[in-house]
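# Notes for the structure review
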Amino acid sequence: PVSGSLFFDASAYGDNHPDGIAVDEKGNLYCTGPQGVLVLSPDGDLLGIIKPDELPANCAIGGPENKTLYMTARTGLYAIELKNAGI
């Protein structure tokens, strides 16, 4: 068995479970889940929620400077520029 601890409990934000993930150069975690893309610090603190027009299912960081967060949803693809580059 693997021992560990709970990193973040998303249940307080809605019924959807976190799914797709991406990480930036500062160690922040971007994960699709309840309400949009949850942005978490390396310590598991919620820094904010990115809310595109549709609830996203997956995300990835890319673009020319590797600072664009792409989010896929049922009928659309959304993008937002980040301050930090992805890894």
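Before going into details, it helps to say that this report is about the structure given with it. Residue positions are given per chain, counting from 1 as you read along its sequence in written order. Given that this is a predicted model, residues contribute local features only at a pLDDT of at least 70 and side-chain atom pairs are listed and counted only at 80 or more, while totals for whole chains, interfaces and linings are drawn from all residues. To obtain the side-chain values, all non-hydrogen atoms of the structure were used and water was disregarded.

Our next topic: the overall build of the protein chain. Check the secondary structure of the protein chain and you find zero helices and seven strands. Here a helix means four or more residues in a row that DSSP labels H or I, a strand means two or more in a row labelled E, and each is numbered from the N terminus. Listing each helix as α and each strand as β along the protein chain from the N terminus yields β-β-β-β-β-β-β. Radius of gyration means the value over C-alpha atoms here, while the globule rule gives 2.2 Å times the residue count to the 0.38 power. The C-alpha atoms of the protein chain give a radius of gyration of 13 Å, which matches the 12 Å a tight globule of 87 residues would have. When the backbone C-alpha atoms are referred to their principal axes, the protein chain occupies close to 40 × 25 × 25 Å. Buried, partly exposed and exposed residues are distinguished by accessible area as a fraction of the type maximum, computed with a 1.4 Å probe on protein chains only: under 20%, between the cut-offs, and over 50%, respectively. When the 87 residues of the protein chain are sorted by exposure, 41% land in the buried category. In the protein chain, the proportion of contacts linking residues at least 24 apart, taken out of those at least 6 apart, comes to 30%. Surface summary for the protein chain: the accessible area is close to 5500 Å², and the carbon and sulfur share equals 51%. Taking the 5 positively charged and 11 negatively charged side chains of the protein chain as two groups, their mean positions are separated by 5 Å. Working rule for contacts: check all heavy atoms of both residues, and any pair within 4.5 Å makes them a contact. What sets the accessible areas is the Shrake-Rupley method with a 1.4 Å probe; for residues, cover comes only from the shown protein chains. The charged-residue count follows a simple rule in which Lys and Arg add positive charge and Asp and Glu add negative charge, with His and chain termini not counted at all. A single reference atom marks each charge: NZ on Lys, CZ on Arg, CG on Asp, CD on Glu.

For L29, the position within the fold is in strand β2 (residues 29-33). Separated by 20 residues in sequence, L29 and D9 place their C-alpha atoms 14 Å apart. Beyond its immediate sequence surroundings of up to four residues, L29 is in contact with F7, I21, A22, V23, L38, V39 and L40.

With respect to the helices and strands, the residue S41 is situated in the loop between β3 (36-40) and β4 (46-50). For S41, a relative accessible area of 9% corresponds to the buried category. With sequence-adjacent residues up to four places away left out, S41 is seen in contact with F7, G27, N28 and L47.

The subject of this paragraph is the sheet that holds strand β1 (residues 21-23). Strand pairing requires that DSSP identify at least two bridges connecting the strands. With respect to topology, four strands assemble into an open sheet ordered β1-β2-β3-β4, the strand pairing being antiparallel. With partners counted over all chains shown, the strands left at the sheet margins are β1 and β4, one partner each. In this sheet, adjacent strand axes meet at a mean angle of 20° when their direction is disregarded. Where β1 meets β2, three bridges bridge the pair, whose relative direction is antiparallel. Along β2, the bridge assignment pairs I21 with C31. A fitted line through C-alpha atoms represents every axis, and for helices the fit uses only the stretch in contact; the resulting angles, taken between N-to-C directions, go from 0 to 180 degrees.

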